[in-house]
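Each chain, written out:
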Amino acid sequence: MDRKDNKMKILRVIATLLVVVGHSNFYLISTNIRGLGYDASTYVIDHSRFWTLSSYLVGLIYSCHMQLFFVISGYVFALCLKKGKYKTFTALTTAKVHRLLIPYIAVTILYNIPILMCADYFSHNIRNVLLYFIGYGKNHLWYLSVLFLIFLLVYSVRFLGNKMTFMSEKVTLVVLFFVALLVYIQIECKIINITEFVYLDRVAKYLVWFLFGMILYIIKETSFYQYCKLRLNWCDVIILFFLWITSYLIGLMEQSKFAAIITSFIGVVFFYELCEFIAKKYKILDANKLINLIDKYSLEIYLYGVPLNYVILTALIQMCGKV
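Just so you know, these numbers come straight off a predicted model, no measurement behind them.

As for the side chain of S63
Position of S63 relative to the elements: it lies in the loop between α2 (49-62) and α3 (65-82). Look past the residues within four positions of S63 in its chain and what remains in contact with it is W244, T263 and S264.

What follows is the structure in structure tokens.
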């Protein structure tokens, strides 16, 4: 990733922190290959004001936190393509195998699975372990595998679009975005159902966000966006924030899938413009040691942070009993 882009650096840090917070607020994990949880009724957690408020906060975070990671990846991918990186499919595949697939396999086998086996997540069933590895259940490393497949898919479609159609690269990207958006809407509204095998359901769901990131990179090069960037102020950011909150609450009250989709897009745009404003206004953040540290180790935080929740849950199960 381009570490000189302060906007992307801040956005990556925010997305990392959102993931950490978002994965810290649960006491029960239930999947189609078992799970675990402790008896929270001992402390009447579900009825406490803190739990109610934190649940709303986590719901808001979940509306766009993983979407942000795919937007960042799409944005940086577009930047790399413009700079002439990944000239061949082989070069892209080799780079992403080392960056994404090897960490997924290694960390899953050597770190995640041993921790989850100690927590009795798989109920001592080797079949559940195998299912977990190939995409079923809740492996937090699904992002790496999904991103790997999306990189290959987008590169292939982009290549075929350039070779076989009369459309320009930008038009091909926009067409692909709207196709992915249509698929995303149908998945969210449960009109179509895609297999979990090797996370194909999530590839279909998050492809639109990767493409959205690529489009944001293209848009930022336009004179109109540069004009808007110069006029961007706190008022614009605050308006986006309240639009995000309002859309989220409407989605909750109306149980509307369409409102939830709108909430995700507003949330992504809010954080994108917030980081644009911060990067423009506060140059001192470029030298902030904490921001640089989180940015540098964002992948490691993602890889190793979440499984520690299972260790905590296991300890709580010992004290409070299983659900």
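Continuing now.
So, the nonpolar core
In terms of nonpolar packing, the biggest core is built from 80 residues, with F77, W209 and F271 touching the most fellow members. Here this core takes 13 residues from α3, the largest share from any one element. The contacts of F271, once residues within four sequence positions are left out, are L11, I14, L18, C64, L68 and W244. If you look at the next biggest cluster of nonpolar residues, it comprises six residues, including I113, Y121, V129 and Y132.

Quick look at the pattern of salt bridges
The full count for this structure, using the stated rule, is four salt bridges. Residue R12 pairs with D295 through a salt bridge whose shortest N-O separation is 2.5 Å. Linking R12 in helix α1 (residues 6-22) with D295 in helix α12 (residues 289-296), this pair joins segments that are 283 residues apart in sequence. Take R12: its relative accessible area is 2%, and that puts it in the buried class. Residue classification places D295 among the buried residues on the basis of a relative accessible area of 3%. Of the charged contacts in the structure, one is a salt bridge between R158 and E169, with a shortest N-O distance of 2.9 Å. With a gap of eleven residues between them, R158 in helix α6 (residues 142-164) and E169 in helix α7 (residues 169-188) connect regions that are remote in the sequence.

Description of the confidence of the model for the chain
Averaged over every residue, the pLDDT of the chain is 85; residues scoring 70 or more account for 84%. By mean pLDDT, strand β2 (residues 34-37) is the weakest element of the chain at 57, and helix α8 (residues 200-220) is the strongest at 96.

Describing helix α13 (residues 298-305)
Looking only at α13, the buried set comprises S298, L299, Y302 and L303. Relative to the axis of α13, the buried residues are bounded by an arc of 135° and lie together on one face.

Notes on the packing of aromatic side chains
How two aromatic rings sit relative to each other is given by the distance of their centres and the angle of their planes. The full count for this structure, using the stated rule, is 30 aromatic pairs. With a centroid separation of 5.3 Å and 90° between ring planes, the pair formed by Y75 and Y217 is classed as edge-to-face. Taken together, the positions of Y75 in helix α3 and Y217 in helix α8 put the pair 142 residues apart, joining distant regions of the chain. Exposure class is identical for Y75 and Y217. Each is buried. Each ring, one from W209 and one from F212, has its centre 6.2 Å from the other, and the planes form 80°; the classification is edge-to-face. Residue W209 and its partner F212 are located together in helix α8, separated by three residues, close to a single helical turn.

Concerning the packing of α6 against α8
Where α6 meets α8, the closest approach of the two axes is 9 Å, and the angle between their N-to-C directions is 65°. Handedness of the crossing formed by α6 with α8: right-handed. Counting all contacts with α6, which are made through W142, V146, L147, L149, I150, F151, L153 and V154, the residues of α8 involved are L200, R202, V203, Y206, L207, F210, L211 and M214. Within the contact of α6 with α8, the residues separate by chemical class into 15 nonpolar, no polar and one charged.

Observations regarding the side chain of T16
Structurally, T16 can be placed in helix α1. A distance of 2.8 Å separates a polar side-chain atom of T16 from the backbone oxygen of R12. Not counting residues up to four positions away in its chain, the partners in contact with T16 are F69, I294, S298 and I301.

Criteria and thresholds
Residues numbered from 1 in each chain as written. Predicted model: local features only at pLDDT ≥ 70, side-chain atom pairs only at ≥ 80, totals over all residues. Heavy atoms only, no water. Helix = DSSP H or I, 4+ residues; strand = E, 2+ residues; numbered from the N terminus. Contact = heavy atoms within 4.5 Å. Core = buried A, V, L, I, M, F, W, Y, C linked by side-chain atoms within 4.5 Å. Buried < 20%, exposed > 50% of the residue type's maximum accessible area, 1.4 Å probe, protein only. Salt bridge = Lys/Arg side-chain N within 4 Å of Asp/Glu carboxyl O. pLDDT = per-residue confidence, 0-100. Arc of directions from axis to C-beta. Phe/Tyr/Trp six-rings, centres within 6.5 Å; stacked < 30°, edge-to-face > 60°. Axes fitted to C-alpha atoms, helices over the stretch in contact; angles between N-to-C directions. Left-handed = near helix turned anticlockwise from the far one by under 90°. Nonpolar A, V, L, I, M, F, W, Y, C, P; charged D, E, K, R; others polar. Polar contact = N/O pair within 3.5 Å; in protein donor to acceptor, adjacent residues only side chain to side chain.

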